[in-house]
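# Analysis of the macromolecular model
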Amino acid sequence: MHRITGKAGGDSLIEMSPTDSFNDDINGYHQHVPSSTGSIQQGQSPFPLTPDVCLETCESLNSSLASLAPSDHSDSPKFEEQTLERINTLTGLSRKRALFLKFRSRVDKQQQSKDSVFFRDGERRIDFVLSFVDEKDDTKKQERRKVYEANLMKVGLELETEDKSESEDGKTYFVKIHAPWEVLATYADVLKIKVPFKANDIPENNDMPMNWLSTPFRLPEHIMHPEPDYFTAPFSKSKSDFFLIDNKDTFFPPSTRNRIVYYILSRCSYIKDECIDKDKKGIKRLLNNGTYTAAFPLHDSRYWIRSKDVNCESERYNLYKHWARFCCSFKEQPLNLVRKYYGEKIGIYFAWLGFYTEMLIFAAIVGTICFIYGFLTFDDNESSKEICSVEIGGSIVMCPLCDKKCTYWKLNTTCNSSWQSHLFDNVGTVFFAIFMGIWVTLFLEFWKRRQARLEYDWDLVDFEEEQQQLQLRPEYETKCRNRKLNRITQEMEPYLPVTSKCARSCLSGATVLLWISLIIACIIGVIAYRLAVYASFASIMKDSSTTKLEVVGPYITPQLATSVTASCINFVIIMILNLMYERVAIWITDMEIPKTHLEYENKLTVKMFLFQFVNYYSSCFYVAFFKGKFVGYPGKYAYMFGTWSNLRNEECDPGGCLIELTTQLVIVMTGKQVWGNIQEALVPWLMNWWGSRKARNHPESLYSRWEQDHDLQGFGQLGLFYEYLEMVIQFGFITLFVASFPLAPLLALINNIIEIRVDAWKLTTQYRRPVASKAHSIGAWEEILSGIAVLSVVTNAFIVAFTSDMIPRLVYMYAYNPEDSLNMKGYINNSLSVFNISEIQEPNRPEELPLWFDSSITECRYRDYRYPPGHEKRYTHNMQFWHILAAKLAFIIIMEHVVFLVKFFVAWMIPDVPSDVRARVKRERYLVQEHLHNYEVEKLKIQLSQHGNDECTCTPMIYPSLPTHEVLSECL
């Protein structure tokens, strides 16, 4: 028998060629045939199946294996072991007969259960799978499994075990779980799962303007809307005939079935009823202590081929074909199918990511237009012309930018950087900063509307997280020994004393501060590197030695070399610290012992975002708001660690610090996105490649695909958490510092188009199917996004005011231009102050002088607004400095108020819930009450008629009849 395992994630457990023979080793027995019988070759029968032999073999069916266990226990490990032991004691023809019977029984079993989503009978669906390795010397685990599985069957679940000989490693058992209708109906009632009771009679308004433009991006209707639209109501087992139940086997979709089974698994005890400790329950605790190695639902088919079984869905295949492939990158997402297959929580994530990507299109277009404007006005930049000219920039001698190693330099050496700075520092910068403040508001408000529509379409309007809030974490139950009465459940439950909670919170807060301090220390180290290396670059590149490089030589300056290398080092440090922070944040959160899963997720979200915020953005904040702001002036420079360190605070280039902020942002943001996509796509592929390689080496593995689909925290609770975190950090990059780099939304758009397909690909093809779970929103991330949106208005206003040269230029043009004309002629000379070279102290004077320097040069220039030497207030700030400072503060106040007013007005104008959705919700609530009323009345009439009360014609008062308007007003 030759077995085809295929790629990871296929639906077929086993495929046999009718011409294939079998041998002992392929079937997992690894027994050597006696030499007298000869070796068994591929494609040959181990013994001739002549009619006499077949007859003799069939006649010996009842005698050779008569003493074995009944067939309904043939999948038990004990029976399998006994069977193999009996076969091993046989020799010659008797052994061949026994092997034939064993083989035939295995063939029959596999033919009955060729599809992995069904039991061996081909009818009962596999709703969940538990795997374990039987350690014979560990009786505790064996006892736990025995009791746990017995309790599962008491609840009503049906189990079927596959032997370890069918696994890839020959050690793993698989317990298949099926939930019959009674169990599903009972727990659907408990969980208040909404099911259809009436077809939706509200016409859909699809008349969108210019709807034909989206035709190339649409998917087939049966993929976009896999189910008809119904009005739904919470399921009630006692009123099952009230709902539209055509087929009980398919009434609850697989995602709902595995959610119900997981709910049971997470609450079922693994100790005997007579034991005192009732808290030992739940599959998570059994996974933690190694009783089971994995617990997961199965995919419904192979992802690359449609299932041949008419009773088996092919939703995974449809998702791969229309969603997970990269050729579908510009197609709409089949969100309804994603929700149906993976559950609402994952569906909400992809809905949010898709909407975020759609909104980035508008930001990317405007940002690209602003960049093009800067490029088209390249030649009109009067300031760069003055810097590059020999008469102005070539005659201005600048003061040294560091002590000793740096020398005097001419302004025209920064010609290229001034042109580059104009691409991002122009009038379009102000417009784009204001636009992004409004865009982020529109994004959040329109997302609320999209989310409200999804809540209705996915039956999440009345969804409450009470059960998730009340469900205690197994770790909380284990570590909390004290008990108290829960006022809600009226049961004794574990609790954490206030003193212990305060102590843990204080320790957690101190640890957070310690690690944030470590981040700041790393940033200070990078700043020190910038100061030290700049002096080295300045001494190496003096007299423009880099101009020997034909292409890039003229563009390399000490400032650029320092900025690029420091940004790369900072990015490497960020990546290293990220690996540490993930473990630290999880450790701190575990130490606090959160009570519920929702509390755990919220605490972890706050800590991880705080760490990531400081880690990713601190270097950008330094360049934007601190570099060049506390420099001092020649003769009285400010030093980083005092004068003993000889590390002078950095100055901005005469072209401004904005180009350095752009460099920092591009390297960190782009590097993070590229590395993240490579990591997300490469790691799962390598893991599954290795799994497929092992499967080829072990073709006898019946369930190899179950073992090859790795979780890798791909889209479990933490996996989805990391996906949100990555996108929120990106959102911060394109909003907090977007004034310095208008192309940031374009880079984010390209990344997100790839990100959606990478996430879809690995979720559909590389990972085990996650347990479906509900969520009506993106949770705490919505509040974080709102906070970033508010902060972005402030940061962009400060970037335009203090990092950009926009305000000083406007002040000069309107107030200090000697020609009284609205142009920038003379701005460069006006923006540079004068210092007497003779006043530079001896320890700080340059060690070497440039070749062009002569004794006639007595003054040098520096970037500031101070009185010249000889003035009574020499080297103090002049009035122009204070005018510019006042203009900067006024701009910040005006911009913030204008943007915030527009934000509040837009938020007020756009309702969070669309009017048609509000009408549908009201209509559904009305119909639920009306139909339930009629149902109860009819049911009571039938009951009364069956008891001989046909003479009673009055309306039963047990459920009084209300006028229609009263029912409607009650539900409204």
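The numbers attached to residues start from 1 for each chain and follow its sequence in the written order. Whole-chain, interface and lining totals are the exception, using all residues; otherwise, since this is a predicted model, local features are given only for residues with pLDDT of at least 70 and side-chain atom pairs are given and counted only at 80 or more. Side-chain figures throughout are based on the complete set of non-hydrogen atoms in the structure, without hydrogens or water.

## Re the packing of aromatic side chains
Keep this limit in mind: Two aromatic rings from Phe, Tyr or Trp, using only the six-membered ring of Trp, form a pair when their centres are within 6.5 Å; if the ring planes differ by under 30 degrees the pair is stacked, by over 60 it is edge-to-face, and anything between is tilted. The helix and strand labels rest on DSSP assignments: H or I over at least four residues marks a helix, E over at least two residues marks a strand, and numbering proceeds from the N terminus. Three exposure classes are used, based on accessible area relative to the maximum for each residue type with a 1.4 Å probe and protein chains only: buried under 20%, partly exposed in between, and exposed over 50%. In this scheme, Lys NZ or Arg CZ marks a charge over a ring once it lies within 6 Å of the ring centre and within 35 degrees of the ring normal.
Across all of its chains, the model carries 57 aromatic pairs by this definition. Each ring, one from F371 and one from F424, has its centre 5.7 Å from the other, and the planes form 40°; the classification is tilted. Of this pair, F371 sits in helix 13 (residues 344-376) while F424 is found in helix 15 (residues 415-424), placing the two residues 53 residues apart along the sequence. Residue F424 is classed as buried on the basis of its relative accessible area, which comes to 10%. Between F905 and W908 the ring centres are 6.1 Å apart and the planes differ by 40°, which places this aromatic pair in the tilted class. Pair noted here: F905 and W908 are both in helix 29 (residues 879-909), with a separation of three residues, about one helical turn. Looking at W908, the relative accessible area reads 66%, which means it is exposed. The aromatic ring of W852 is capped on one face by K410, whose charged end is 4.8 Å from the ring centroid. One cation-aromatic arrangement involves R768 over F296; the distance from NZ or CZ to the ring centre is 4.2 Å.

## Some thoughts on the packing of helix 16 (residues 427-457) against helix 29
We count it as follows: For helices, the fitted axis covers only the stretch in contact; all axes are lines through C-alpha atoms, and the angles between them, taken along N-to-C directions, range from 0 to 180 degrees. In what follows, roughly perpendicular refers to angles from 65 to 115 degrees, roughly parallel to angles under 35, roughly antiparallel to angles over 145, and oblique to any angle outside these ranges. In this scheme, a crossing is called left-handed if the near helix is turned counterclockwise away from the far one by less than a right angle; it is called right-handed if the turn is clockwise. Throughout, a residue-residue contact means that at least one pair of heavy atoms, one from each residue, lies within 4.5 Å. Residue type decides the class: Asp, Glu, Lys and Arg count as charged, Ala, Val, Leu, Ile, Met, Phe, Trp, Tyr, Cys and Pro as nonpolar, and the leftover types, Gly among them, as polar.
Two elements in contact, helix 16 and helix 29, have axes separated by 9 Å at closest approach and are oriented at 25°. One finds that helix 16 runs roughly parallel with respect to helix 29. Here helix 16 and helix 29 pass one another in a crossing that is right-handed. Residue-level contacts link V430, A433, I434, G437, I438, V440, T441, L442 and E445 of helix 16 to F891, M895, V899, V902, K903, V906 and A907 of helix 29. Its residues assigned to classes, the contact of helix 16 with helix 29 comprises 12 nonpolar, two polar and two charged.

## Focus on the sheet that holds strand 6 (residues 294-296)
As a general point, the strands of a sheet are linked pairwise by backbone hydrogen bonds and lie either parallel or antiparallel. Test applied: If DSSP finds at least two bridges between two strands, the strands pair.
Pairing within the open sheet is antiparallel, and its four strands lie in the order 2-3-1-6. The two strands at the open ends of the sheet, each matched to only one other strand, are strand 2 (158-162) and strand 6. Across this sheet, the average inter-strand angle for adjacent strands is 20°, counted without regard to direction. Bridge count between strand 1 (residues 128-133) and strand 3 (residues 172-178): six bridges; the pairing is antiparallel. By the bridge assignment for strand 3, F132 is matched with Y173. On top of the sheet, helix 5 (residues 139-155) reaches strand 1, strand 2 and strand 3; it is set at about 165° to strand 1, its chief contact.

## Considering the confidence of the model for the protein
Stated formally: As a per-residue quantity, pLDDT reports the predictor's confidence and falls between 0 and 100.
With 75% of its residues at a pLDDT of 70 or more, the protein has an overall mean of 76. Per-element confidence in the protein is highest for helix 13, whose mean pLDDT is 93, and lowest for helix 31 (residues 964-971), whose mean pLDDT is 34. Low pLDDT, under 50, characterises residues 694-714; the stretch is placed with 82 contacts to residues that sit more than four places away or in other chains. The low-confidence segment residues 952-972, where pLDDT is below 50, has 23 contacts with residues more than four positions distant or belonging to other chains.

## Some thoughts on the state of the cysteines
Our working definition: Counting rule for disulfides: a pair of cysteine sulfur atoms within 2.5 Å.
Under the definition given, this model contains two disulfides. The residue that forms a disulfide with C388 is C415, at a sulfur-sulfur distance of 1.8 Å. Looking along the S-S bond of the C388-C415 disulfide, the torsion reads about 100°, which is the right-handed sense. Of this pair, C388 sits in helix 14 (residues 382-388) while C415 sits in helix 15, placing them 27 residues apart in sequence.

## With respect to the packing of helix 16 against helix 26 (residues 780-803)
Two elements in contact, helix 16 and helix 26, have axes whose closest approach is 9 Å; the angle formed by their N-to-C orientations is 170°. It follows that helix 16 is roughly antiparallel to helix 26 by the angle criterion. Across the interface between the two elements, T429, V430, A433, G437, V440, L444, K448 and Q451 of helix 16 pack against E782, L785, S786, A789, S792, V793, N796 and V800 of helix 26. Of the residues contributing to the contact of helix 16 with helix 26, the split by class is eight nonpolar, six polar and two charged.

## Quick notes on the pattern of salt bridges
How we decide: Put simply, a salt bridge is a Lys or Arg side-chain nitrogen that is within 4 Å of an Asp or Glu carboxyl oxygen.
As enumerated under the stated definition, the model contains 29 salt bridges in all. Notably, a salt bridge pairs D229 with R920, separated by 3.7 Å at the nearest N-O pair. On the criterion of sequence distance, the pair formed by D229 in the loop between helix 7 (221-224) and strand 5 (230-234) and R920 in helix 30 (residues 915-946) is long-range, its members being 691 residues apart. Between K762 and E723 there is a salt bridge, with its nearest N and O atoms 3.0 Å apart. Here the residue K762 occupies a position in helix 25 (residues 744-766), and E723 occupies one in helix 24 (residues 717-736), the gap between them amounting to 39 residues. Per residue, the accessibility class of K762 equals that of E723, and both read buried. In this structure, a network of salt bridges that share partners links the residues R120, E160, E162 and K176.

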